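Given next are the chains, with one letter for each unit.
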Amino acid sequence: MAARVFVDTKVLFPFSVMDVMLALTEDSVHDIVWSERLLAEWERVIVREGRRSAESAAAVAQAVRRFFADCEIPAAAYGHLVDEMSGDDPDDRHHAAAAVAAGAEALITWNLADFPAGDLAERGVRVADPDSYLCGLYDELPHEVVETVVRLAREKRNPPVGAVWPLTCGYVRLSTLV
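Residues numbered from 1 in each chain as written. Predicted model: local features only at pLDDT ≥ 70, side-chain atom pairs only at ≥ 80, totals over all residues. Heavy atoms only, no water.

## Topic: the packing of helix α7 (residues 130-140) against helix α8 (residues 142-155)
When two helices pack together, their arrangement is given by the angle between the helix axes and the distance between those axes. Put simply, α7 and α8 touch, their axes get as near as 5 Å, and they point 120 degrees apart. The angle between the axes of α7 and α8 places the two elements in the oblique class. In this structure, α7 contributes L137, Y138, D139 and E140 to the contact, and α8 contributes P142, V145 and V146. Of the residues contributing to the contact of α7 with α8, the split by class is five nonpolar, no polar and two charged. (Axes fitted to C-alpha atoms, helices over the stretch in contact; angles between N-to-C directions. Helix = DSSP H or I, 4+ residues; strand = E, 2+ residues; numbered from the N terminus. Parallel < 35°, antiparallel > 145°, perpendicular 65-115°, else oblique. Contact = heavy atoms within 4.5 Å. Nonpolar A, V, L, I, M, F, W, Y, C, P; charged D, E, K, R; others polar.)

## A closer look at the sheet that holds strand β2 (residues 30-33)
Pairing in this open sheet of four strands is parallel, and the strands run β2-β1-β3-β4 from one edge to the other. What marks the edges here is a single partner per strand, and that holds for β2 and β4 (126-128). Direction aside, neighbouring strands of the sheet carry axes that sit 30 degrees apart on average. Strand direction decides the pairing type here: strand β1 (residues 3-7) and strand β3 (residues 106-108), joined by three bridges, are parallel. When the bridges of β3 are listed, V7 appears paired with I108. The strands touched by helix α1 (residues 15-26) within the sheet are β1, β2 and β3, with β2 carrying the most contacts at an inclination of about 120 degrees. Along the sheet, α7 contacts β1, β2, β3 and β4; its crossing angle with β4, the most-contacted strand, is approximately 110 degrees. (Pairing = 2+ DSSP bridges.)

## Some thoughts on empty space enclosed by the protein
If you walk through the whole model with that rule in mind, you get one cavity of 30 Å³ or more. The computed volume of the largest cavity comes to approximately 60 Å³. For the largest cavity, the full set of lining residues is L12, M18, L22, I32, W34, L38, L39 and V64. When residues of the lining of the largest cavity are traced back to their parent elements, those giving at least two are α1 and α2 (36-48). Taken together, the residues of the lining of the largest cavity break down into eight nonpolar, no polar and no charged. (1 Å grid on protein atoms, 1.4 Å probe; cavity = no way out; pocket = protein on both sides within 12 Å on 5 of 7 lines; lining within 4 Å. Points joined across faces, edges and corners; volume = space filled by probe spheres on them.)

## Observations concerning the side chain of H30
Structurally, H30 is set in strand β2. Taking the relative accessible area as the measure of exposure, H30 reaches 0% and is therefore buried. From its side chain, H30 meets the backbone oxygen of M21 in a polar contact 2.9 Å long. (Buried < 20%, exposed > 50% of the residue type's maximum accessible area, 1.4 Å probe, protein only. Polar contact = N/O pair within 3.5 Å; in protein donor to acceptor, adjacent residues only side chain to side chain.)

Following this line, the structure appears as structure tokens:
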């Protein structure tokens, strides 16, 4: 069974990272768990920061809802945990609660300080940045991760991407390959 991970909103901003994380789910290397609140926050923030139009952001969020519907953790499954989560940001507390309720092995975030690792570890969820997570996944499942990254590179058309070899976590950040 594939590991379950919850990916914080800002991890989904560099579309290369979003592509890798979702493609790994498509290829059954891991499963991204998401909540409606996560997608709503992503839409709001990406439009506010001028990275997508409202229509484009809505289309991307709708695609996640459609193609990864089985990975959704409904609010009813985690709502009772929100007040137990540490932190000042209501969205972060919801994300942490969703990760816990979904049985995620990891919560992936660039904002490590926003998710108290000790508190979440007590609930079985480790907190990791995307590069550490992806490098650890590569160490554990190198063939599967390479297949996914190479597939993604081959699918790139605008602009086309050439070979992405070698994959070495000590030297190349996996999250910047595609």
